[in-house]
Structures are given as structure tokens and as C-alpha cells.
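# An overview of the molecular structure
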Amino acid sequence: MKVAITSTGNTPDSKLDQRFGRCTCFVIYDTETKGIEFIPNANKDAREGAGPASVQLVASRGVEKVISGEFGIKIKSLFDSLKIQLIVLKEPEKKIIEIIDMLNKQQSNEL
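Source: prediction; values computed, not measured.

Let us now look at the pattern of salt bridges. For the coordinates displayed, the defined rule picks out four salt bridges. Between Arg-61 and Glu-37 there is a salt bridge, with the nearest N and O atoms lying 3.7 Å from each other. Taken together, the positions of Arg-61 in the loop between α1 (50–59) and β4 (65–68) and Glu-37 in strand β3 (residues 36–40) put the pair 24 residues apart, joining distant regions of the chain. For Arg-61, a relative accessible area of 32% translates into the label partly exposed. Overall, Glu-37 belongs to the partly exposed group, its relative accessible area being 35%.

Listing the buried residues of α1 in full gives Ala-50, Gly-51, Ser-54, Val-55, Leu-57 and Val-58. With its buried residues spanning 160 degrees around the axis, α1 presents them on a single face. On the buried face of α1, the contacting elements are β1 (2–7), β2 (25–30), β3, β4 and α2 (73–81).

By the alternation rule, side chains of β4 split into Lys-65 and Ile-67 and Val-66 and Ser-68, which are all buried. Inspection of the sheet shows β1 paired to β4 by three bridges, in the parallel sense. Within β4, the position partnered with Val-3 by the bridge is Lys-65. Summarising the sheet, β4 and strand β5 (residues 85–88) pair through four bridges and their orientation is parallel. Bridging across to β5, Ser-68 finds its partner in Val-88. Note that the unit made of β4, α2 and β5 has a crossover that is right-handed.

Another point: the packing of α1 against α2. Between α1 and α2, the shortest axis-to-axis distance is 9 Å and the interhelical angle comes to 30 degrees. On the basis of their axis angle, the class for α1 and α2 is roughly parallel. Considering only the axes of α1 and α2, their crossing is right-handed. Of the residues in α2, those touching α1 at Gly-51, Pro-52, Val-55 and Val-58 are Ile-75, Leu-78 and Phe-79. Looking at the contact of α1 with α2, its residues break down into six nonpolar, one polar and no charged.

Parameters at a glance
- Residues numbered from 1 in each chain as written.
- Predicted model: local features only at pLDDT ≥ 70, side-chain atom pairs only at ≥ 80, totals over all residues.
- Heavy atoms only, no water.
- Salt bridge = Lys/Arg side-chain N within 4 Å of Asp/Glu carboxyl O.
- Helix = DSSP H or I, 4+ residues; strand = E, 2+ residues; numbered from the N terminus.
- Buried < 20%, exposed > 50% of the residue type's maximum accessible area, 1.4 Å probe, protein only.
- Arc of directions from axis to C-beta.
- Contact = heavy atoms within 4.5 Å.
- Pairing = 2+ DSSP bridges.
- Right-handed = clockwise from strand over helix to strand, strands pointing away.
- Axes fitted to C-alpha atoms, helices over the stretch in contact; angles between N-to-C directions.
- Parallel < 35°, antiparallel > 145°, perpendicular 65-115°, else oblique.
- Left-handed = near helix turned anticlockwise from the far one by under 90°.
- Nonpolar A, V, L, I, M, F, W, Y, C, P; charged D, E, K, R; others polar.

Right, here's the structure in full:
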């Protein structure tokens, strides 16, 4: 399963970005292959429409879950229509690598 995580940078030591549509970077993590891809968010400086454009960006990567600090109201309905699960993580100090470790542990427990 692919999971998108909003990030403040493009390394595993970057922190979770609390903003979805205007995050610095998206991390696409594949829980099966353990592959990690960093995608700069070209929408972060958009005057308007950053959220919906970011939804399209992560959806085009085939993600099934998105982890961020917060999501706007308009975004939630878009993700619902695409059947993509949202996870709100109110831990701005959490590093991307720690979130990936949590995902791996969760997947191990489900087996």
C-alpha cells in the first residue's frame, strides 16, 4: 500500500508538515516494497487551489492513505470521493522516518 506523508523537507529526518496543500514536500512510502519517493510540492505557493491540486498529485501516485497535521474541509470530501483514507497526526516534531517505522510496525501487527 502506498502512503503519502506531508513533509517539511526531502530527507527521512525531515519533520511532518502540519499543512496538507501547502506542505513543502510529499513523501510517498510503499509499505510493501519499502520504497520511498520524495516529491516537491509545486502547489505550496499557489495563490489558490493548492489543496485540490495537491489531492490530484498524491492521488496520481496511487496512494491509499495520507498522513498530515491537518486537512481543509474541501479536501476531506475530495479524498472521500477517491476512497483515500486521511490520518491526522498532531505531532509536528515527528520525523518522517519515525512515521515510516510506525507504518511498518502497524503492518507487521496486521499480518
